[in-house]
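# Structural overview for review
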Amino acid sequence: MAFCRTLANLLLSGTIALVSAAHAAGITVHDARDREVAVNDFARTVSIGGAITEILYALGLESRLVGVDTTSLYPPAALRDKPNVGYMRQISAEGVLGLNPTLILAIQGSGPRETMDILETAKVPLVLVPETFSEQGLIDKIKLVGHAMGVDARAECLSAAVGADLAQLRVLRAKVAKPVRVMFVMSLQNGRAMVAGHKTAADEIIQLAGAANAVDDYDGYKVISDEAIVAAKPDVVLSIERGKESLQADAVYAHPGFALTPVAANKSFITMDGLYLLGFGPRTAAAARDLSVKLYPALAEGGAFTSALSAANCRQ
């Protein structure tokens, strides 16, 4: 009996030693700042960015999360069960560091700059995850997050499932004969529309869905004139659901610029969940497929979109 207890204790000690050694060995991550970040312990991770949180849950790593930001809306358990460190662009350094994290994963563009400077100088590894709005950028994001958390095999599983869904989407997109012109409208501010140009999540999701961005002469988001709206000739307006602040169809149709476009003539207005549509997380292919079917209803007759992601188990 004593021998068994001794053996059990040795095995337990060996297991603990192996875990400690794995943490002590460290991981190096090349992040969005073009820096090499050494990660020695990921047991207490703070996630800043909805897509990062979604990836961590898909990888079965929620037990390592000690805090998330307000954009971490999926799965709903994230904000329900984890401390909230605020909006990703208005993060408080005290709020993050007060959780005693051993690792901070933040999406590129998190801020403000003063907060990020403080986090960079703290003795906690900060990995800034690149935000590249493309199919490859999405795959790379999953692999980087998985690598930073020491679960490369799980990340390969998840990226393979997402890649398979993107491949299905390409087949669906190839059936589009004439791309419709979509204008993504973030808001109507004092009657003026803020819309998405190139190098935005909205621009990429429009293209993934087999459509064309009606705004093709600038990058980023910009408030444009009524004349520019008319000249762009959008067929459809796309926006995101934002609760009471959501853009309403009637406001679009009555707008002086949109009233002179096919949008008002055809009553073509689509809204979707913001993180789902623009988050560029694991569900992006499904979101693009849903948008594509809304834009081209005939595509729904081609059969169901069988998601490899829903069938994959990358949590172990």
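Residues numbered from 1 in each chain as written. Predicted model: local features only at pLDDT ≥ 70, side-chain atom pairs only at ≥ 80, totals over all residues. Heavy atoms only, no water.

Strand-to-strand pairing in sheets goes through backbone hydrogen bonds, with the strands running parallel or antiparallel. Spatially, β4-β3-β5-β6 is the arrangement adopted by the four strands of the open sheet, whose pairing is parallel. On the outer flanks of this sheet lie β4 (65–68) and β6 (126–129), each paired with one strand and no other. Strand-to-strand twist across the sheet, computed as the mean angle between neighbouring axes with direction ignored, equals 20 degrees. One ladder, built from three bridges, connects strand β3 (residues 45–48) with β4; its direction is parallel. Following the sheet pairing, Thr45 is matched in β4 by Leu65. With respect to the sheet, helix α5 (residues 113–121) is in contact with β5 (103–107) and β6, its orientation differing from that of β6 by roughly 135 degrees. (Pairing = 2+ DSSP bridges. Helix = DSSP H or I, 4+ residues; strand = E, 2+ residues; numbered from the N terminus. Axes fitted to C-alpha atoms, helices over the stretch in contact; angles between N-to-C directions. Contact = heavy atoms within 4.5 Å.)

The subject of this paragraph is the confidence of the model for the chain. The predicted coordinates should not be examined in detail at positions where pLDDT is low. Per-chain confidence: the chain averages 91 in pLDDT, with 91% of residues scoring 70 or above. Low pLDDT, under 50, characterises residues 1–24; the predicted model gives this stretch five contacts beyond four residues in sequence or across chains. (pLDDT = per-residue confidence, 0-100.)

Turning our attention to the pattern of salt bridges. This structure, assessed with the given rule, holds 15 salt bridges. Linking Asp31 and Arg33 is a salt bridge whose minimum nitrogen-to-oxygen distance equals 2.7 Å. Of the two residues examined, Asp31 and Arg33, each falls in the buried class. Here Arg289 makes a salt bridge to Asp290, at a shortest N to O gap of 3.8 Å. Accessibility expressed as a relative area gives 27% for Asp290, which makes it partly exposed. Taken together, the shared-partner salt bridges in this structure form one network comprising Asp31, Arg33, Arg35, Arg113, Asp117 and Glu120. (Salt bridge = Lys/Arg side-chain N within 4 Å of Asp/Glu carboxyl O. Buried < 20%, exposed > 50% of the residue type's maximum accessible area, 1.4 Å probe, protein only.)

With that settled, the discussion passes to α5. Buried within α5 are the following residues: Thr115, Met116 and Leu119. Down the axis of α5, the buried set is contained in an arc of 95 degrees. They therefore lie on one face. Of the exposed residues in α5, those oriented more than 90 degrees away from the buried face are Glu114 and Thr121. The secondary structure elements touched by the buried residues of α5 are α4 (93–97), β5 and β6. (Arc of directions from axis to C-beta.)

For helix α7 (residues 152–173), built from 22 residues, the straight-helix expectation of 32 Å at 1.5 Å per residue is met to within 8% by its first-to-last C-alpha distance of 31 Å. What α7 keeps buried is the set Arg154, Ala155, Leu158, Ser159, Ala161, Val162, Asp165, Leu166, Leu169 and Leu172. Down the axis of α7, the sector holding all buried residues measures 160 degrees, keeping them to one side. Turned more than 90 degrees off the buried face of α7, the exposed positions are Ala153 and Val171. (Expected span 1.5 Å × (residues − 1).)

Counting residues in each nonpolar core, the largest one holds 52 residues, and the members touching the most others are Ile48, Leu105 and Val127. With six residues, the top contributor of residues to this core is helix α6 (residues 135–148). Formed by 30 residues, the second largest nonpolar core is a distinct cluster that contains Ala209, Leu238, Phe280 and Ala287. (Core = buried A, V, L, I, M, F, W, Y, C linked by side-chain atoms within 4.5 Å.)

Moving on to the environment of Gly60. With respect to the element layout, Gly60 can be found in the loop between α2 (50–58) and β4. Along the primary structure Gly60 and Tyr276 are separated by 216 residues, whereas in three dimensions their C-alpha atoms are 19 Å apart. Ignoring any residue separated from it by four or fewer positions in sequence, one finds Gly60 in contact with Arg154 and Arg315.

Assignment of secondary structure puts Lys82 in the loop between α3 (77–81) and α4. Of the buried charged residues, Lys82 lacks a salt bridge, with Asp81 as the closest side chain of opposite charge at 6.5 Å. When neighbours within four sequence positions are excluded, Lys82 is seen to be in contact with Tyr57, Glu62, Ser63, Leu65, Val68 and Ala77. (Lys, Arg positive; Asp, Glu negative; His and termini not counted.)

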